[in-house]
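Breakdown of the fold
These are the residues of each chain, in order.
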Amino acid sequence: MAGHRRTRNTGRPLQRRTRSENRRKRLEERLALAHEPVERFWAAAEYLRSALAMVPRDLARAAVEEVADDLIKRAEDLHTTNLRRLR
């Protein structure tokens, strides 16, 4: 309606808060349904991806660098362990 002002306090939570809560609930559902480790990994990766989409680019870049470094280190450890097993 023209000239009608909406009040700021509608009693509802902010959309960004409900969106985060819904994404966390979805993560918990996916983790509960996961039967394989790779399914848990993909659920966590998707949750991280959704968080990265919500933050400023500089914060996202810093988080990705940290996570990527950790993933690479863990992958190298697994590869090394596997190579030792084959000897």
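Residues numbered from 1 in each chain as written. Predicted model: local features only at pLDDT ≥ 70, side-chain atom pairs only at ≥ 80, totals over all residues. Heavy atoms only, no water.

Here's the deal with the pattern of salt bridges
Enumeration according to the criterion identifies 5 salt bridges in this entry. Measuring nitrogen to oxygen at the nearest pair gives 3.1 Å for the salt bridge that ties aspartate 70 to arginine 74. One end of the pair, aspartate 70, and the other, arginine 74, are both in helix 3 (residues 57-86), 4 residues apart, so they sit about a helical turn from each other. Salt-bridge contacts for lysine 73 lead to aspartate 77; the nearest nitrogen and oxygen are separated by 3.2 Å. One end of the pair is lysine 73 and the other is aspartate 77, both in helix 3 and 4 residues apart, which spans about a single turn. (Salt bridge = Lys/Arg side-chain N within 4 Å of Asp/Glu carboxyl O. Helix = DSSP H or I, 4+ residues; strand = E, 2+ residues; numbered from the N terminus.)

Quick notes on the confidence of the model for the protein
A residue-level look at the protein finds 79% of positions with pLDDT of 70 or above and a mean pLDDT of 88. Of all secondary-structure elements in the protein, the lowest mean pLDDT belongs to helix 1 (residues 15-33), at 90, while helix 2 (residues 37-52) reaches the highest, 96. (pLDDT = per-residue confidence, 0-100.)

Some points on the packing of aromatic side chains
Applying the stated criterion across every chain, the model contains 1 aromatic pair. Centre to centre, the rings of phenylalanine 41 and tryptophan 42 are 5.3 Å apart; their planes meet at 70°, and the pair counts as edge-to-face. Of the residues examined, phenylalanine 41 reaches a relative accessible area of 39% and is grouped as partly exposed. (Phe/Tyr/Trp six-rings, centres within 6.5 Å; stacked < 30°, edge-to-face > 60°. Buried < 20%, exposed > 50% of the residue type's maximum accessible area, 1.4 Å probe, protein only.)

Structural notes on the environment of alanine 45
Within the secondary structure, alanine 45 is located in helix 2. In this structure alanine 45 comes out as partly exposed when scored by relative accessible area, which is 26%. Along the backbone, alanine 45 and leucine 27 are 18 residues apart, and their C-alpha atoms lie at a distance of 9.8 Å.

A few points about the environment of alanine 44
With respect to the secondary-structure elements, alanine 44 resides in helix 2. Overall, alanine 44 belongs to the partly exposed group, its relative accessible area being 39%. When the C-alpha positions of alanine 44 and arginine 30 are compared, they lie 9.0 Å apart, and in sequence the two are 14 residues distant.

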